[in-house]
Each structure stands twice: as structure tokens, then as C-alpha cells.
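Chain and residue survey
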Amino acid sequence: MTAPAASARRLVFLGPPGAGKGTQAAIVAAELGVPHLSTGDMLRAAVREGTELGKAADAHMRAGGLVPDALVLEILGERLRKPDAATGFVLDGFPRNLAQAKELARRSPLDAVLWFELPRPVLVERLTGRRVCPTCGTVYNVTSRPPRVEGRCDREGAALDQRPDDRPDAVGVRLRVYAEQTAPLLEHYRSAGLLRPLDAAGSPGDVTERLRRLLAAPPARRASQGL
Ligand code: ADP
């Protein structure tokens with residue numbers, strides 16, 4: 001195993017919903033000793049806790065649309081200011097549009113943007129087939145990783161949940177929003193010399209190995225990160 005280069009510590013994981021960013025971000029962040037900052041997780045926690053911000057975000061998330069930038073920035077900005085994020089982070093799910101990318105550039109330089117690539121039919125299967133244990137958080141998939149007993153967690157026996165935004169209609173919206181608002185960021189980060197494309201197909205272990213190799217490679221070129 002090759003350890004990721006110590007210099008590449010301020011990372012953005014960019015890619016469509018269902019590409020496995022969250023799974024890989026948790027692993028890479030732990031290996032680098034930096035926080036894993038997932039705006040989706042932060043927003044879901046706010047919804048669970050019933051905060052004002054959570055109440056305002058809930059309907060957008062259920063429908064598969066983006067939460068307004070001001071709310072996302074409020075929750076992420078606070079987190080980015082904590083001391084553990086000063087020298088590194090793995091950002092997962094942010095930025096999702098050009099306005100967010102501009103805000104991020106104001107707050108922190110970046111070392112690399114990892115672009116998770118996966119064909120649409122695979123994304124749809126992963127998202128609509130995902131089931132989660134409400135007790136321990138274990139993630140299953142009805143086709144690729146089914147539980148031993150249909151609809152029940154292997155560890156807890158609890159009835160598995162489906163995220164509201166993993167229902168087929170919301171998945172369609174999420175993929176459209178990605179294509180319209182997030183995908184344009186690829187060109188932006190490519191011209192800034194930060195983009196590193198990653199083949200996100202295969203097992204989580206295979207993808208982690210590819211990611212480690214990409215992070216260990218020197219950057220293609222240095223370029224201005226300004227917008
Ligand atoms: P995925 O990337 O698989 O769609 P996430 O857990 O990252 O899942 O995000 C879930 C939902 O949270 C999104 O569909 C969106 O409603 C909201 N969200 C997360 N990050 C952002 C963001 N940066 N800007 C706006 N909305 C966001």
C-alpha cells in the first residue's frame with residue numbers, strides 16, 4: 001500500500017450521487033488524519049435534530065434538489081473554521097455549483113479535486129437499491145450487497161430504511177441537478193490544474209487503491225486557482 005502524498009491534504013471529492021464519494025472520503029480522511037466533511041451528512045444531522053436549518057433543508061433534500069447555498073454555507077463555514085480543518089480536509093458533496101466553488105476558493109486553497117466517474121445505469125442501481133440500518137448505519141444494496149434476511153439488518157435485525165432521496169423520482173432529480181449544476185465544475189477545476197479523474201467502478205477496495213495511487217502522484221501542473 002502506498003500512503004497518499006503528505007502535501008495533498010485539502011481535497012474535494014466531486015462526482016454524481018451514488019459514485020461512492022462518501023465511502024471513499026471516510027477511508028482517505030482517516031488515512032490522512034484530516035476531517036471528512038460531508039455536507040449531506042451535516043444536513044441530515046440537522047434534519048434529525050430538528051434545527052431551524054434542518055427544517056428549511058428537509059423538503060429540498062427529500063425532492064432531490066439542492067439546499068439553498070446560504071444554508072449549506074452556514075453549516076459548512078462553521079465546520080471549516082474548526083482547528084482540525086486548518087491544514088486538511090476531504091470535502092464530500094461540496095461544492096455542488098459554481099457559486100459554492102467561489103465561496104470555497106475564498107475560504108481555502110485546494111490541493112486536488114478527485115472526480116469520481118461512473119456510468120448512469122450503475123449510479124441508478126446503486127442509489128435506488130441502497131438500504132440503510134437505522135440502528136447501526138450499515139449500508140446494504142438489494143442487488144450487490146443484500147442482507148441475509150430480506151429487509152433486515154444482519155447485525156441488528158432492524159427493519160432497513162430507504163433514504164427518501166433514494167426513491168426513483170428523487171434519484172432522477174438528483175442526477176439532473178448534478179448534470180446541470182455540478183458537472184460544469186469539472187471544466188473549471190480542470191483548467192485550474194486540480195482535476196484528477198478517478199474510475200469509480202468496481203469494489204470499494206479497488207477504488208480505494210486507485211485513489212491512493214492518484215493521491216501519491218505529483219500534480220499534473222500548477223495553475224491559478226482563482227475564479
Ligand atoms: P449524494 O451526493 O449521494 O446526492 P449527499 O448525502 O451528498 O448525497 O447529499 C444529499 C442531499 O443533501 C442533496 O441531494 C442535497 O439536497 C443536499 N446537499 C448536500 N450537499 C449540498 C450542497 N453542497 N449544496 C446544496 N445541497 C446539498
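Note that the structure is a prediction, hence the values are computed from the model and not measured.

Here we come to the packing of helix 7 (residues 168–182) against helix 8 (residues 184–191). Two elements in contact, helix 7 and helix 8, have axes whose closest approach is 5 Å; the angle formed by their N-to-C orientations is 40°. With respect to helix 8, the axis of helix 7 lies oblique. Two secondary-structure elements touch here, helix 7 through Tyr-178, Ala-179, Glu-180, Gln-181 and Thr-182 and helix 8 through Pro-184, Leu-185 and Leu-186. Classifying every residue of the contact of helix 7 with helix 8 gives 5 nonpolar, 2 polar and 1 charged.

In the neighbourhood of the ligand, 19 residues make up the surrounding shell, with Thr-39, Arg-44, Gly-65, Gln-100 and Arg-174 lying closest. Take Arg-44: an N or O atom from its side chain is 2.9 Å from an oxygen atom of the ligand. The contact in question runs from an oxygen atom of the ligand to an N or O atom on the side chain of Arg-174, over 2.8 Å. Take the shell around the ligand: its biggest share by element is 4 residues, from helix 2 (residues 39–49). A breakdown of the residues in the shell around the ligand according to their chemical character gives 7 nonpolar, 6 polar and 6 charged.

What follows is about the pairing of strand 1 (residues 10–14). Across the 5 residues that make up strand 1, a large majority, 4, are buried. As judged from the 4 bridges shared by strand 1 and strand 4 (residues 112–117), these two strands associate in the parallel manner. Within strand 4, the residue paired with Leu-14 across the bridge is Trp-115.

Bringing the packing of aromatic side chains into the picture now. Under the defined criterion, the tally for this structure stands at 1 aromatic pair. Plain terms: the ring middles of Phe-13 and Phe-116 are 5.2 Å apart, the flat faces sit at 45° to each other, and that makes the pair tilted. Highlighted residues: Phe-13 in strand 1 and Phe-116 in strand 4, separated in sequence by 103 residues. Each member of the pair, Phe-13 as well as Phe-116, carries the same accessibility label: buried.

The next subject is the confidence of the model for the protein chain. Within the protein chain, residue pLDDT values average 92, and 93% of them lie at 70 or more. Overall, residues 1–6 carries pLDDT values under 50, and its contacts beyond four positions in sequence, including any with other chains, amount to 10 contacts.

What counts, and where the lines are drawn
- Residues numbered from 1 in each chain as written.
- Predicted model: local features only at pLDDT ≥ 70, side-chain atom pairs only at ≥ 80, totals over all residues.
- Heavy atoms only, no water.
- Axes fitted to C-alpha atoms, helices over the stretch in contact; angles between N-to-C directions.
- Helix = DSSP H or I, 4+ residues; strand = E, 2+ residues; numbered from the N terminus.
- Parallel < 35°, antiparallel > 145°, perpendicular 65-115°, else oblique.
- Contact = heavy atoms within 4.5 Å.
- Nonpolar A, V, L, I, M, F, W, Y, C, P; charged D, E, K, R; others polar.
- Near = heavy atom within 4 Å.
- Polar contact = N/O pair within 3.5 Å; in protein donor to acceptor, adjacent residues only side chain to side chain.
- Buried < 20%, exposed > 50% of the residue type's maximum accessible area, 1.4 Å probe, protein only.
- Pairing = 2+ DSSP bridges.
- Phe/Tyr/Trp six-rings, centres within 6.5 Å; stacked < 30°, edge-to-face > 60°.
- pLDDT = per-residue confidence, 0-100.

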